[in-house]
Amino acid sequence: MDAIAVEGLVKRFGTFVAVDGISFAVPEGSVFGLLGANGAGKSTAIRMLCGLLEPSSGRASVAGIDVAADPEGVKRSIGYMSQRFSLYEDLTVIENIRFFAGLYAISRRKVETEAERVLALIGLAGREGSLAGELPGGFKQRLALGCALLHAPKVLFLDEPTAGVDPLARRRFWDIIYEVADSGSTVLVTTHYLDEAEYCATVTLMHAGRIVAKGSPAGLKAERFPGAMLEVDCDRPAEAIAALAADGRIEEASLFGSRLHAALAPGLGDREDAEETVRAALAAAGFAVRSVERIPPSLEDVFIRVISESAKGGPL
Amino acid sequence: MSRLSSLVQKEFQEFRRDKKMRAIVVVAPIMQILVLGYAANMDVKDVPMAVYDQDHSSESRDLARAFVASGSFLVAAAPESAEAVDQELSSGRAEIAVVVPPGFGAALRGRGSPSLQLLVDGSRANTAAVGMAYAASVANDFSLRFAPGSLRIALPVEARTRIWYNPELKSRAFMIPGVFALLLMVITIILTSLAIVKEKESGTLEQLIVTPLRKAELIAGKLAPFVLVSLILICLALAACALFFGIVPRGSILLLFVLSLALVFSTLGIGLLVSTLAKTQQQAMMFSIFFFMFPMMILSGFVFPIANMPAPIRAFTYLMPLRYYMIIVRGIFLKGSGIGLLWKQLWPLLAIGVAVVSFSIARFRKQLE
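Residues numbered from 1 in each chain as written. Chains lettered and ligands numbered in written order. Predicted model: local features only at pLDDT ≥ 70, side-chain atom pairs only at ≥ 80, totals over all residues. Heavy atoms only, no water.

Visitor: Outline the overall build of chain B, listing residues and values.
Guide: Helix and strand counts for chain B come out as 15 helices and 4 strands. In terms of overall size, chain B is more extended than a compact globule, its C-alpha atoms giving a radius of gyration of 28 Å where 369 residues would be expected to give roughly 21 Å. C-alpha atoms of chain B, sized along the principal axes, occupy 95 × 45 × 40 Å. Burial statistics for chain B: of 369 residues in total, 47% are counted as buried. Sequence separation of 24 or more characterises 79% of the internal contacts of chain B that already satisfy a separation of 6 or more. Carbon and sulfur atoms make up 65% of the accessible area of chain B, which totals about 18400 Å². Between the mean site of the 35 positive side-chain charges and the mean site of the 23 negative ones, chain B shows a separation of 13 Å. (Helix = DSSP H or I, 4+ residues; strand = E, 2+ residues; numbered from the N terminus. Rg over C-alpha atoms; globule rule 2.2 N^0.38 Å. Buried < 20%, exposed > 50% of the residue type's maximum accessible area, 1.4 Å probe, protein only. Contact = heavy atoms within 4.5 Å. Areas by Shrake-Rupley, 256 points an atom, 1.4 Å probe, with all protein chains shown as cover. Lys, Arg positive; Asp, Glu negative; His and termini not counted. Charge placed at Lys NZ, Arg CZ, Asp CG, Glu CD.)

Visitor: Describe the domain arrangement of chain A, and please don't skip the residues or the numbers.
Guide: Interface extent is often summarised as the accessible area lost during association of the parts. For chain A, the domain assignment lists domain 1 (2-221) and domain 2 (226-296). Each of domain 1 of chain A and domain 2 of chain A has a C-alpha centre, and these two points are 40 Å apart. (Domains from an automatic or database assignment.)

Visitor: Give a detailed account of the nonpolar core, specifying residues and quantitative values.
Guide: Ile4, Phe24, Leu49, Val62 and Phe157 of chain A together with Phe180 and Tyr325 of chain B are the most contacted members of the largest nonpolar core, which has 165 residues in total. For this core, the element with the highest residue contribution is helix H8 (residues 171-202) of chain B, accounting for 18 residues. Counting residues in hydrophobic clusters, the runner-up holds 18 residues, among them Ala228, Leu244, Leu282 and Phe287 of chain A. (Core = buried A, V, L, I, M, F, W, Y, C linked by side-chain atoms within 4.5 Å.)

Visitor: Mind laying out the pairing of strand S13 (residues 259-264) of chain A, listing which residues take part and the relevant values?
Guide: Residue and element names in this part refer to chain A. Within S13, 5 of the 6 residues are buried, leaving the element largely enclosed by the surrounding structure. As judged from the 4 bridges shared by strand S11 (residues 229-234) and S13, these two strands associate in the antiparallel manner. By the bridge assignment, Glu231 is partnered in S13 with His261. (Pairing = 2+ DSSP bridges.)

Visitor: Residue-level account of a nonpolar patch on the surface, with values.
Guide: Residue and element names in this part refer to chain B. Taken together, the side chains of Val26, Val27, Met31 and Val35 present a nonpolar region at the surface, about 320 Å² in accessible area. Here Val35 is to be found in helix H2 (residues 19-39). Taking relative accessible area as the criterion, Val35 reaches 45% and is therefore assigned partly exposed. (Patch = residues over 30% accessible without salt bridge, like charges linked within 9 Å, V, L, I, M, F, W, Y side chains within 5 Å. Salt bridge = Lys/Arg side-chain N within 4 Å of Asp/Glu carboxyl O.)

Visitor: How would you sum up helix H12 (residues 281-299) of chain B? Please name residues and give values.
Guide: All names here are of chain B. Taking 1.5 Å of rise per residue, 19 residues should cover 27 Å, and H12 covers 26 Å from first to last C-alpha, within 8% of that figure. Of all the bends in H12, the largest measures some 40° and sits at Ile289. Contact partners of the buried residues in H12: H8, helix H11 (253-277), helix H13 (311-317) and helix H14 (321-335). Taken from the residues just after H12, Gly301 is the one with a positive phi, measuring 85°. (Expected span 1.5 Å × (residues − 1). Bend = angle between axes of the 7 residues up to and from the residue.)

Visitor: An account of the sheet that holds S11 of chain A is needed here, citing residue identities and associated values.
Guide: As a general point, the strands of a sheet are linked pairwise by backbone hydrogen bonds and lie either parallel or antiparallel. Residue and element names in this part refer to chain A. Spatially, 4 strands are ordered S12-S13-S11-S14 in an open sheet, and the strand pairing comes out antiparallel. Each end of this open sheet is capped by a strand with a single partner; those strands are strand S12 (250-256) and strand S14 (289-294). Neighbour to neighbour, the strand axes of the sheet diverge by 25° on average, direction disregarded. Note: S12 against S13, 6 bridges, orientation antiparallel. In the sheet register, Ile250 faces S13, and the bridge partner there is Leu264. Lying on the sheet, helix H9 (residues 237-246) is in contact with S11, S12 and S13; it crosses S12 at an angle near 170°. Here helix H11 (residues 299-311) sits on the sheet and contacts S11, S12 and S13; the angle it forms with S12, its principal contact strand, is near 115°. (Axes fitted to C-alpha atoms, helices over the stretch in contact; angles between N-to-C directions.)

Visitor: Report on the sheet that holds strand S8 (residues 186-191) of chain A, specifying residues and quantitative values.
Guide: Residues and elements named next belong to chain A. Strand order across the open sheet formed by 6 strands is S6-S7-S8-S3-S9-S10, with mixed pairing between neighbours. Each edge of the open sheet is held by one strand with a lone partner, namely strand S6 (78-81) and strand S10 (210-215). Across this sheet, the average inter-strand angle for adjacent strands is 15°, counted without regard to direction. In this structure, strand S3 (residues 31-35) lies alongside S8, joined through 5 bridges in parallel fashion. Looking at the pairing, Leu35 lines up with Thr191 of S8. In the packing of helix H5 (residues 137-149) onto the sheet, the strands contacted are S6 and strand S7 (155-159), and the crossing angle to S6 comes to about 160°.

Visitor: If you had to explain the interface of chain A and chain B to someone new, which residues and values would you point to?
Guide: Taken together, the 32 residues of chain A in the interface contact 29 residues of chain B. On the surface where chain A and chain B come into contact, there are 2 salt bridges. With its nearest N and O atoms 2.7 Å apart, the salt bridge here joins Glu95 of chain A to Arg17 of chain B. Run the count over chain A and chain B and you get 10 residue pairs in polar contact (both at pLDDT 80 or more). Breaking the side of chain A that touches chain B down by element, the ones donating at least two residues are helix H2 (71-77), S6 and helix H3 (93-103) of chain A. Sorting elements by how many residues they give to the side of chain A that touches chain B places H3 of chain A first, with 5 residues. Within the side of chain A that touches chain B, the residues separate by chemical class into 18 nonpolar, 5 polar and 9 charged. (Polar contact = N/O pair within 3.5 Å; in protein donor to acceptor, adjacent residues only side chain to side chain. Nonpolar A, V, L, I, M, F, W, Y, C, P; charged D, E, K, R; others polar.)

Shown next as structure tokens:
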């Protein structure tokens, strides 16, 4: 059975449509990524799934419970960590943990063992007495995660859990997410860090309230970039884009920092062929090429392509 | 551990660490009773007076002494011209002026009836009204000294005034119970509304809403601690009244506590209502002040007698919980009234409380907007 099943879910605020008929399913025990820019509708979607917002139309069930019919039932079986750090800064680590344990009606006997389990999981054992407000950002986020995990929820919702945290802390956070998923919980996480999306079993890209792409990270790359992907270092890269785009064998060229990413048409799979194609195209246009390297497409490449296609009204 | 007791315990843990809150609860009642108690004084005493004596007779000097002897006035200036009188009044050196015309003493000695001119600075309405009445009575007493014996018993009806409950007519005895009531209202409304809106602002409310905590538990858990806080407040304010001003309730202190809880019930309801309207703590302050505190201060009878208000405004005062509580507090403090008399104030107070609390509970959503 799917832990989360969403069917044509819509949320309107007045005339503004924040979520515009999304559908997806998340199998039990998997890590599911909901991606998109700020304002794409990720947080609104997650809030409807948590029973925090009433859907305007459509259906959604979480852990087998319909969110519109029984939002309170949903709340008992999920853990939720919101975008902002939203624990009590004036309370210590252990006071926050005990408070949330109390809210989930965990029996007094079990509170201490659960607290110990969670503190070990989030790596805050030994910091019980620190005030939550005085913890560094990464620790705060792990504490918030810990508080959402006390009652061993079937489904865990994480809304931009790693926003504003350094890369090392983000990595640490994802290790914990994997541990949670390994223990059988289903995790739905939103992020706009596309490198993080690579950690998810399935990702869904939202844009302007709609789902514009869905699949595993590898599957999406193969689907959107059947040909080779090359990273080119040349002079005047901004002008070189036009030269590459004029070549029929090159499907798309875009700027990444000071370098270019060029996506080749399928069929030019052979390493030398692909590199030669690009070098020849640029040389013919008078650009000095320093290096051409074959790279795997990143999710960022995928999403640039998807969003520009959807902006052109192309295939979704 | 039950969800409700977890929430109440959390409130107290937060409270213990919040220095600002502690200051509001502990320092505010004492400071306010002290400062407002001294400030809220409308007694007319030692009013600076200018005496323009055009007569320079022994009678005119006796008159000036009579004003000073009354205790209400101090001779602050002795101008020697009409312009100088004007200046004394406009500069504020004197608030009231007496002009003794030439021939005043001679007229008195000759059994004539000389007149006196009293000039009052009307921009100080309270002092002017009371000061003028005092000055007129001093002048009357003075003139009676010169009246023939027969005239003194000629009045057929004599009013013998005796003042009860506040024999010295000290405005402070009347105002301080009012300050006490005001204090309880202001602090409980502000603290409750801020406590809930603060959780909205910091995002913790969203975190609470997503737990199985029930709406009733959430509201009860947020409000219950403030019942205790208001009891502490009442103790401190009572102690301050007794210590600084020697004002102690004449009636039952237990009754005062019980009836105060009836007011607190309605103000906590108002705090809850404000918290459903406001998104930020600033908004909560604005709503509380403009929609609840100001109207209640003016329309509760704290300063302005409700009986003097035009009928439509008077009708409006019946909606103010503070109106009833003001009568309760003054009754218990000054008259020692018991529940038999105060019941008439208690039931509307409770009715308003029930209405406000149920309306706010209905408005309070355990969902985001």
